[in-house]
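Okay, here's what each chain looks like letter by letter:
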Amino acid sequence: MSSDSASEKSGKRGADVQVGPTINESEADVAAQLTAGSNVLLDAKQEARLRWKIDKNILPSFMYLMTFADKTTLGQSAILGIMPGAHLNQTQFNWLGSVFYLSYLIFEWIRWTVLPFRPRPSQLILSVNIFIWAVALLCHAACSSFGGLFACRFILGVCEGAITPGFMIVTSMFYTHGEQTKRVGYWFLMNGFAIIFLGFVSFGLLHTKTANFMPWQWLMIITGLITLITSVIFWFYFPDSPTTARFLTPEERVQAIQRIKVNKTGVENKHWKREQFVETLTDPKIWVMLTNQRQLIVKQFGFSPIETTLIGCVDGVVEILTIWLAVTVASVPAIGRGYAGALMYVPAVLGALLVNLLPSDNKVGLLFSYWVSIFAICPFVIFLGWVGSLTSGHTKRITTNALVLIGYCVGNFAGPFVWKKQYQPRNHVPWALIAACNLVSALLLLTLRFMLARENHRRDSSSHDEAYDDVFVTHVNADGTTQEKKVDKAFLDLTDLQNKDFRFIL
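Since we're looking at a predicted model, the values are computed, not measured.

**Structural notes on the overall build of the chain**
The helix and strand tally for the chain stands at 20 helices and four strands. Counting over 506 residues, the chain shows a buried share of 55%. With an accessible surface of roughly 20,900 Å², the chain has 65% of that area assigned to carbon and sulfur atoms.

**A few points about the pattern of salt bridges**
Where side chains of opposite charge bring their charged atoms close, a pairing between them can arise. Enumeration according to the criterion identifies 11 salt bridges in this entry. A salt bridge links Glu179 to Arg259; the nearest nitrogen and oxygen atoms lie 2.8 Å apart. Within this pair, whereas Glu179 is found in helix H8 (residues 177-188), its partner Arg259 is found in helix H11 (residues 250-259), the two being separated by 80 residues in sequence. Of the two residues examined, Glu179 and Arg259, each falls in the buried class. Two residues, Asp496 and Lys396, come together in a salt bridge whose shortest N-O distance is 3.0 Å. Of the two residues, Asp496 sits in the segment after strand E4 (482-487) while Lys396 sits in helix H19 (residues 394-414), which places them 100 residues apart along the sequence.

**Looking at the nonpolar core**
Of all hydrophobic cores here, the largest spans 98 residues; its most connected members are Ile54, Ile82, Leu149 and Phe174. A total of 12 residues in this core trace back to one element, the largest contributor, which is helix H7 (residues 146-174). With near-sequence residues (within four places) excluded, Ile82 lies in contact with Leu74, Ser77, His87, Leu88, Phe93, Leu149 and Trp216.

**Overview of the state of the cysteines**
One pass over the structure, following the stated rule, counts zero disulfides. With no disulfide of its own, Cys143 lies closest to Cys152 among cysteine sulfurs, the gap being 3.8 Å. We classify Cys143 as buried; its relative accessible area is 11%.

**Examining the confidence of the model for the chain**
A residue-level look at the chain finds 75% of positions with pLDDT of 70 or above and a mean pLDDT of 77. Of all the helices and strands in the chain, strand E1 (residues 8-10) carries the lowest mean pLDDT, 40, while helix H16 (residues 336-357) carries the highest, 92. The model gives residues 1-19 a pLDDT under 50, and that stretch makes 30 contacts with residues more than four places away or in other chains. Overall, residues 292-303 carries pLDDT values under 50, and its contacts beyond four positions in sequence, including any with other chains, amount to 44 contacts.

**Here we look at a nonpolar patch on the surface**
On the surface, Val128, Phe131, Ile132, Val135, Ile155, Ile229, Val232, Ile233, Trp235, Phe236 and Tyr237 cluster together into a nonpolar patch covering about 1,000 Å² of accessible area. Mapped onto the nonpolar patch, the elements with two or more residues apiece are helix H6 (122-140) and helix H10 (215-237). Of the residues forming the nonpolar patch, the biggest block, six residues, is contributed by H10.

**Topic: the environment of Leu156**
Tracing the chain through its elements places Leu156 in helix H7. With a relative accessible area of 1%, Leu156 lands in the buried category. Along the sequence, Leu156 and Ile130 sit 26 residues apart, while their C-alpha atoms lie 9.2 Å from each other. Leaving out residues up to four positions away in the same chain, Leu156 has contacts with Phe100, Trp133, Ala136, Leu137 and His140.

**A look at unusual backbone geometry**
Of note, His87 is a non-glycine position whose phi angle comes to about 55°, a positive value. Tracing the backbone shows His87 in the loop between helix H4 (82-85) and helix H5 (90-113). For His87, a relative accessible area of 60% gives the class exposed.

**Here we look at the environment of Arg183**
In this structure, Arg183 sits in helix H8. The class for Arg183 is buried, based on a relative accessible area of 10%. The spatial distance from the C-alpha of Arg183 to the C-alpha of Asp55 is 8.9 Å, given a sequence separation of 128 residues. Setting aside residues no more than four positions away along its own chain, Arg183 makes contact with Arg51, Asp55, Leu59, Thr171 and Tyr175.

Rules and cut-offs
- Residues numbered from 1 in each chain as written.
- Predicted model: local features only at pLDDT ≥ 70, side-chain atom pairs only at ≥ 80, totals over all residues.
- Heavy atoms only, no water.
- Helix = DSSP H or I, 4+ residues; strand = E, 2+ residues; numbered from the N terminus.
- Buried < 20%, exposed > 50% of the residue type's maximum accessible area, 1.4 Å probe, protein only.
- Areas by Shrake-Rupley, 256 points an atom, 1.4 Å probe, with all protein chains shown as cover.
- Salt bridge = Lys/Arg side-chain N within 4 Å of Asp/Glu carboxyl O.
- Core = buried A, V, L, I, M, F, W, Y, C linked by side-chain atoms within 4.5 Å.
- Contact = heavy atoms within 4.5 Å.
- Disulfide = S-S within 2.5 Å.
- pLDDT = per-residue confidence, 0-100.
- Patch = residues over 30% accessible without salt bridge, like charges linked within 9 Å, V, L, I, M, F, W, Y side chains within 5 Å.

Listed below in C-alpha cells is the structure:
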C-alpha cells in the first residue's frame, strides 16, 4: 500500500499548492476514512482471491432458505389443514396472505430510511428481526382462530421489512455491479430449495397422526426452530460492511473497498441527506422502477393433497433452474439486465395464457403450463440485483430500495384478493391479470433500459466534469492535530446525478 504524500498534509495546506475543496469526514462515505490518501492497486490474482474470501464468508450467511421457507408456510399449511383447523374461510385466508405485506409496507419505510443512519450495524438489525420472526412463527402453532393468526402474520411482515433490503444493501457494499446480479440470484434461488424442503416436510407431516396437534402446526414448529437457529448464526457471523468485516484483515478491508470503487457508489454514509431524498423522489427512472397462492392453484387442477405436496417440490426445482438461467443470461454483456428481464417474461406470459386456455381435463398440460409461468419470478430477481447499480449516494440508494420494495408490497397485498372463491377452480380472471401484468412489466423494463442507455450516451458525449476531482477530507487525530487527505470521488457519497462519471449498467 502506498500513500500520496502530496495529498496528505498536517494542519493546513501550503499556500503555493492549488487544491480542491475540503469537507468533513462525516460528509463523505465511511470508506473515505480508510482509503483517503491511499492508492491501492490490485492485480487480477489478488482480486480473485479477495472475491473468493468474500464469497466464502458472505454467501453462506445469506441463509435466505429459511426466510423464504417461512413465507411459503402459509401456502403449505392450506394443504395441511389450517383452514378447517383454525376455522378460516377463503376471505380470511386471503387476509393472512395480505396482512404480511401490509405490515411489511408500513414498517419498510421506517426500517430502511431511518435505521441505516443510526449507529447500529446491519448485522444487529437483521439478527434481532430474524429472532422475532422465529418467535412469531412458533406462536402460529398456538393459534386456533383468525385473530391470532392475523397478529402473528402481521409481526412476520414487520420483521420481513428488514431482510430483503438489508441483503440488497450488504450485497452492494461487497460486490461490483457486474457481480451483484449473480449474487442476488444465488441467495434468491434459495426460495427454490425452501419450496423443495417444505414439500418433503409437508408430505411427511400428512402421514403424522398426533392428537390435538395438526400437521400445519408441526410445520410452524419445525420452520420456527430452524429460523431461531438462523438468527443466532446471523448475530455472530453476518458482516456489517467491508470497513468492519471481521473476516478481513485491515489491509484486506482497504482492498475490498478499492475493489468496488468502479461502482462509483461508495459503501455507506451514516448521515441522512435531505437533498438526496428529494432527488430520489424527483428522479424519473425511479418511478419507472416502481411499477402464496401456489399450492392452492395446483390443488385446484384436480390433484390430491399428497400429490400437491410432492408436485410442489418440482416448483422449487423449476424456480432454481429458471433463476440460475436468468442471472446467467443477464450477466452476458451483450444482453444485460433490461433485455434479460424482458426475455424472461415471454415464457411467463405464455404459461399464464396456457393455464387459462387449456381444457380442465388436461391436468398434465395445466401443470406444465403453470411451471412455465414460474419464469415470472426471474425478472424480479434480476431487477433486485440491478437496482443497486442504478443509483448512487447512500441516502438515495436506501430510499430507492425502500420505494421498490413498497411497490412490491402493494402488489403482494392486493394479489390474494384476486383469487376469489367465485373464480375457482380455473381462476380465469386472476390468470388473465397475471398475463397482462407480465406483459406491461416487460414493456416497463425495456423503457427503463432505453432511458438509461440514452443518459449514458449523453454523458459520454459531454466533456469531463472536474467539479469533484480534487476533494480533501479533514481528519482530526487523537492529539488534536488535523490532516487533510485527498479522497476519490467514488467515496464522496455523491448521487448518480451529481457524479457525471457514473454510468448506468444496462
